[in-house]
Amino acid sequence: MTERTLDKVEMEKVVSLCKRRGFIFPSSEIYGGLGSFWDYGPLGVELKRNVREAWWRAMVQERDDVVGLDAAILMHPQTWVASGHVEGFTDPLVECKACHQRWRDDMVPDGVCPACGGEITEPRMFNLMFKTFVGPVEREAAVVYLRPETAQGIFVNFANVLNSTRSKLPFGIAQTGKAFRNEITPGNFIFRTREFEQMEMEFFVKPGSDEEWFQYWVNERFEWYAGLGIRRDNLRLRQHAPDELAHYARGCYDVEYLFPMGWSELGVIANRGDFDLGQHARSSGQNLTSFDEESGEHIVPYVIEPSAGVDRSLLAFLVDAYDEEPDKNGTRTVLHFHPALAPIKVAVLPLSRNEKLAPLSREVYAGVRKEFRTQFDDAQSIGRRYRRQDEIGTPLSVTVDFQSLEDNMVTIRERDSMKQIRVPIPTLNVILSAKLGREPMEVLPEGGIYWAGFE
Ligand code: GAP
């Protein structure tokens, strides 16, 4: 674990770095942006992919009891009637009679507009689902909803997956994908937006074993964040009180992170009981049961659901990785990403642009990029280039210098310790691999650091 210099990270600093270095931009910015929609730039898209892949690896690839799914975003509208979203996916909304700004009711406890002090209206219920139309005619019968959660795509495919994989309880179905909510109060950068991506898994268990599996998944999800480098002091679990449980939930825990605006929900683990399969079975008339060999009966499984946002997780990884360290030139801004998440794994940096170094530098770059997401940079001083890589969280830099032409060796510099070691070019990829945590420890030369168990 790398110590940090900064006690607290301001959100503005993270937003500014994201814009400056090409992680995240305001959506359609040339037209003034669109409220709380964001676009991921060249580094952001890599980081996002790494977050999603780390989740898929833990939830699907490394398990025997979970399979994947990729359902359509638009689903039969009856889905959202059965799930309770048409009736209940609402927030109480109030409007200022003077400036017409709208607020969620709980944001105006003293009954006056927080913006202008004007009088506010009585609350009315506002459904958070975005509507659109299928086909050329905009009529009520053609209304469909942009899914507000990916979970329902899994429930409506329960029988398809069961029959095609011959899975037995307990087993899970995982999917990642976009979800949409017309949030009344989006904000805090990518924390709460109207278009976001979820990573959800529905784990189907025998009724009676649900409490044990619930505790299991609460622990697994907490450890996933810690294993990817989030400091444990910045993570905590919060159990929902009975009066705040969602309509489908028998029990619920939030994994919370200490974001710049305070402790907030990062992910959630819910015991959904048999609510969803029961509702869809009744609503569709289909059999959504699993045969239990022990009792010889068909049962409606209970569901444990670990759910998390890709964007929100990415924000936590960014905030937790961010640091500013004093150094001889002022300040070193560095993202201490876990190597599994770092958008660029290795930078190849020739000491200078001298043409004598170019052929070997290009050759080293060609060899490294075959195995790792690599960036080549030969512009400006080597010190500035190290700083540029630190700022985007590249764990390792490889420097090719004039000595390399003589001894066929290069220097590896570590982002966190800034230690440098010299290694023979033919062993470079094996050593980089070990340092990025992909190979066993033994191959590491003296003084190396390593991260366990990730690609
Ligand atoms: N299927 C359960 C479900 O959707 P949720 O607590 O509403 O539960 C799960 O959402 C996760 O999705 C949240 O913990 C959060 O990480 C992410 N999420 C929800 N709404 C979001 C929003 N408006 N913007 C970004 N992420 C959001």
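Structure's up top.
Throughout what follows, the structure given in this document is the object of discussion.

Reading guide: rules and limits
Residues numbered from 1 in each chain as written. Predicted model: local features only at pLDDT ≥ 70, side-chain atom pairs only at ≥ 80, totals over all residues. Heavy atoms only, no water. Patch = residues over 30% accessible without salt bridge, like charges linked within 9 Å, V, L, I, M, F, W, Y side chains within 5 Å. Areas by Shrake-Rupley, 256 points an atom, 1.4 Å probe, with all protein chains shown as cover. Salt bridge = Lys/Arg side-chain N within 4 Å of Asp/Glu carboxyl O. Buried < 20%, exposed > 50% of the residue type's maximum accessible area, 1.4 Å probe, protein only. Near = heavy atom within 4 Å. Polar contact = N/O pair within 3.5 Å; in protein donor to acceptor, adjacent residues only side chain to side chain. Helix = DSSP H or I, 4+ residues; strand = E, 2+ residues; numbered from the N terminus. Nonpolar A, V, L, I, M, F, W, Y, C, P; charged D, E, K, R; others polar. Phe/Tyr/Trp six-rings, centres within 6.5 Å; stacked < 30°, edge-to-face > 60°. Lys NZ or Arg CZ within 6 Å of the ring centre and 35° of its normal. Contact = heavy atoms within 4.5 Å. Pairing = 2+ DSSP bridges.

## A look at a nonpolar patch on the surface
Argument step 1. A contiguous nonpolar surface patch, about 230 Å² in accessible area, is contributed by Leu351, Phe402 and Leu405.
Argument step 2. The class for phenylalanine 402 is partly exposed, based on a relative accessible area of 35%.

## Details of the site of the ligand
Argument step 1. Around the ligand, 21 residues are found, and the nearest of them are Glu149, Arg181, Thr193, Glu200 and Glu265.
Argument step 2. A distance of 2.5 Å separates a nitrogen atom of the ligand from a polar side-chain atom of glutamate 200.
Argument step 3. Within the complex, 92% of the 550 Å² of free accessible area of the ligand lies under protein.
Argument step 4. Looking at the shell around the ligand, the elements with two or more residues in it are strand 10 (195–205), strand 13 (262–273) and strand 16 (302–309).
Argument step 5. Here the shell around the ligand is composed, by residue class, of seven nonpolar, five polar and nine charged.

## What to know about the pattern of salt bridges
Argument step 1. Scanning the entire structure with this criterion turns up 39 salt bridges.
Argument step 2. Across the pair glutamate 62 and arginine 57 runs a salt bridge, and its minimum N-O distance is 3.3 Å.
Argument step 3. Residue class for arginine 57 comes out buried when judged on its relative accessible area of 17%.
Argument step 4. Between arginine 231 and aspartate 320 there is a salt bridge; the shortest N-O distance is 3.0 Å. Placement of the pair is arginine 231 in the loop between helix 7 (210–227) and strand 11 (235–239) and aspartate 320 in helix 9 (residues 310–321), with a sequence separation of 89 residues.
Argument step 5. Several salt bridges converge on common partners, so that one network encompasses Glu325, Asp327, Arg332, Arg387, Asp390 and Arg413.

## A look at the packing of aromatic side chains
Argument step 1. In the structure shown here, the tally under the stated rule is 17 aromatic pairs.
Argument step 2. With centroids separated by 6.3 Å and ring planes inclined at 45 degrees, the aromatic side chains of tryptophan 55 and tryptophan 56 adopt a geometry described as tilted.
Argument step 3. Assessed through its relative accessible area of 30%, tryptophan 56 is described here as partly exposed.
Argument step 4. Ring geometry for phenylalanine 158 versus phenylalanine 171: centroids 6.2 Å apart, planes at 20 degrees, classification stacked. One end of the pair, phenylalanine 158, is in helix 6 (residues 158–165); the other, phenylalanine 171, is in strand 9 (residues 171–180), with 13 residues separating them in the sequence. Here the two residues phenylalanine 158 and phenylalanine 171 agree in accessibility, since each one is buried.
Argument step 5. Through successive ring pairs, a cluster of aromatic residues spans Phe155, Phe158, Phe171 and Phe204.
Argument step 6. Over the ring of tyrosine 248 we find arginine 272, and its NZ or CZ is 3.7 Å from the ring centre.
Argument step 7. Its end group placed over the ring of phenylalanine 191, arginine 312 keeps NZ or CZ at 3.7 Å from the ring centre.

## Some words on helix 13 (residues 428–435)
Argument step 1. With seven of eight residues buried, helix 13 lies mostly within the body of the structure.
Argument step 2. Every buried residue of helix 13 is accounted for by Leu428, Asn429, Ile431, Leu432, Ser433, Ala434 and Lys435.
Argument step 3. Looking at the packing, one finds that the buried side of helix 13 touches strand 19 (346–350), helix 10 (358–369), strand 21 (396–400), strand 22 (409–414) and strand 23 (420–424).
Argument step 4. Looking one or two residues beyond helix 13, the residue adopting positive phi is glycine 437, at roughly 85 degrees.

## Focus: the pairing of strand 16
Argument step 1. Burial analysis of strand 16 places eight of its eight residues in the buried class, which makes it a mostly covered element.
Argument step 2. Here strand 16 shows two buried faces, one formed by Tyr302, Ile304, Pro306 and Ala308 and the other by Val303, Glu305, Ser307 and Gly309.
Argument step 3. In this structure, strand 10 lies alongside strand 16, joined through six bridges in antiparallel fashion. Counterpart to glutamine 198 in the pairing with strand 16 is glycine 309.
Argument step 4. Relative to strand 16, strand 13 runs antiparallel, the two being bridged by six bridges. Bridging from a neighbouring strand, valine 268 pairs with serine 307 of strand 16.

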